[in-house]
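Below are the chains, spelled out letter by letter.
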Amino acid sequence: MIQRVQTIFLFLIVIAMGIALANPLWEKAGRQLPEMAYLTALQYSEQQAISQQPGVPATTAPTTLITSVWYLGLLMGLVALSSLYAIFQYRNRLTQTALCAVNALMLTAIMGIILYRTLYAGKAYGNPADQGTFLLGFYAIVAALVFNALANRFIRRDEKLVRGSDRLR
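Predicted, not measured: the structure shown is a model, and the values here were computed from it.

Let's shift gears to the sheet that holds strand β2 (residues 36-39). Reading across from one edge, β4-β3-β2-β1-β5 is the order of the five strands in this open sheet, with antiparallel pairing throughout. Two strands in the sheet have a free side with no partner beyond their single neighbour: β4 (63-68) and β5 (133-134). Relative to β4, strand β3 (residues 43-48) is paired through six bridges, and the arrangement is antiparallel. Each residue of the ladder has a partner; that of Q48, found in β4, is T63.

This is the structure in structure tokens:
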């Protein structure tokens, strides 16, 4: 039945992935005031201030280096789609469990990519001692991991209940 607890958790995963796609995941301040680095679901950008050289006007805008991380957004979209698909597989709890396992693997890959980009690749930007700040999008992914574990737990509980009632017949 679609009105079970795991349906709520699977739908919350979809919402969390939407929040993660729409909001920045991480930011870090540079050494000078206009310098900032951002990580979103689709790109990593570093804004660098122009050093004042003789003959260069002071009104020159800072440069922004953008690196595409489209694979991160793709993984987030796949997690959302597989969770949405799992909601409607309520008659086949083994398929729901398998989809939750796949979601767990994809969410782990997402976390690994984010942590690599922020803690290792982002360390070279600005002050190396400062790790930056994780934002709403990152915490939405952490929440999706928790929701996925809870959904999997309730799916397994339902499967155990069904198998137990089949034994009594």
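Here the narrative resumes.
Attention shifts here to helix α3 (residues 93-121). Over its 29 residues, α3 extends 40 Å from the first C-alpha to the last, a length consistent with the 42 Å expected when each residue adds 1.5 Å. Along α3, the residues that are buried comprise R93, Q96, L99, C100, N103, M106, L107, I110, M111, I114, R117 and T118.

Moving on, we come to the pattern of salt bridges. Taken as a whole, this structure holds three salt bridges when the rule is applied. The salt bridge involving D158 is made with R4; its shortest N-O contact spans 2.8 Å. With D158 in helix α4 (residues 136-168) and R4 in the segment before α1 (5-22), the pair connects residues that are 154 residues apart, well separated along the chain. Using a relative accessible area of 12% as the deciding quantity, one classes D158 as buried. Residue R4 is classed as partly exposed on the basis of its relative accessible area, which comes to 26%. For E159, the salt bridge goes to R163, with nearest N and O atoms at 3.0 Å. Note that E159 and R163 are positioned in helix α4 at a spacing of four residues, about one turn of the helix. Using a relative accessible area of 15% as the deciding quantity, one classes E159 as buried. Several salt bridges converge on common partners, so that one network encompasses R93, E159 and R163.

Turning our attention to α1. The end-to-end C-alpha distance of α1 is 26 Å, a good match for the 26 Å that 18 residues give at a rise of 1.5 Å each. Here α1 has its buried residues at Q6, T7, F9, L10, I13, V14, A16, M17 and A20.

Reading guide: rules and limits
Residues numbered from 1 in each chain as written. Predicted model: local features only at pLDDT ≥ 70, side-chain atom pairs only at ≥ 80, totals over all residues. Heavy atoms only, no water. Pairing = 2+ DSSP bridges. Helix = DSSP H or I, 4+ residues; strand = E, 2+ residues; numbered from the N terminus. Expected span 1.5 Å × (residues − 1). Buried < 20%, exposed > 50% of the residue type's maximum accessible area, 1.4 Å probe, protein only. Salt bridge = Lys/Arg side-chain N within 4 Å of Asp/Glu carboxyl O.

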